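# Residue-level structure breakdown
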Amino acid sequence: MPTLCLIGDSRVASMPDDLFSGEYQVYNYGVGGASSYHSALVLQYLFSHGRRFDYVVISVGINDLI
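The paragraphs below set out a description of the structure included in this document. Note that the structure is predicted; figures quoted are calculated from it, not measured. (Residues numbered from 1 in each chain as written. Predicted model: local features only at pLDDT ≥ 70, side-chain atom pairs only at ≥ 80, totals over all residues. Heavy atoms only, no water.)

Scanning the model with the defined rule gives 3 aromatic pairs in all. A ring pair is formed by Tyr24 and Tyr55, whose centres lie 5.7 Å apart and whose planes are at 85 degrees; its orientation type is edge-to-face. Here Tyr55 lies in strand β3 (residues 55-59) and Tyr24 lies in the loop between α1 (10-13) and β2 (25-30), a separation of 31 residues in the sequence. Looking at Tyr24, the relative accessible area reads 25%, which means it is partly exposed. Put simply, the rings of Phe20, Tyr24 and Tyr55 touch in pairs and so form one group of aromatic residues. (Phe/Tyr/Trp six-rings, centres within 6.5 Å; stacked < 30°, edge-to-face > 60°. Helix = DSSP H or I, 4+ residues; strand = E, 2+ residues; numbered from the N terminus. Buried < 20%, exposed > 50% of the residue type's maximum accessible area, 1.4 Å probe, protein only.)

Pasting the structure below:
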């Protein structure tokens with residue numbers, strides 16, 4: 001089963017766990033209040049620790065306006 005990594009702010013964090021069930025093995029790293037900078041750090045951390053995914057979705061921007 002392909003892996004899907006979700007990274008972003010509260011919009012990502014609040015996604016239902018079964019949204020992609022049966023199609024992907026989902027890893028949700030959404031954090032409320034995260035900015036583009038924080039999301040990039042999460043992605044860097046995951047990759048530097050050997051984590052690899054078939055697909056990565058990054059949804060950021062709304063918290064960068066503050």
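Now, onward.
As a further point, take the sheet that holds strand β1 (residues 3-8). The sheet built from 3 strands is open, its strands ordered β2-β1-β3 with parallel pairing. Each edge of the open sheet carries a strand with a single partner, namely β2 and β3. Pairwise comparison of adjacent strand axes, ignoring direction, gives a mean angle of 15 degrees for this sheet. In the packing of helix α2 (residues 36-48) onto the sheet, contacts are made with β1, β2 and β3, and the angle to β1 comes to roughly 145 degrees. (Pairing = 2+ DSSP bridges. Axes fitted to C-alpha atoms, helices over the stretch in contact; angles between N-to-C directions. Contact = heavy atoms within 4.5 Å.)

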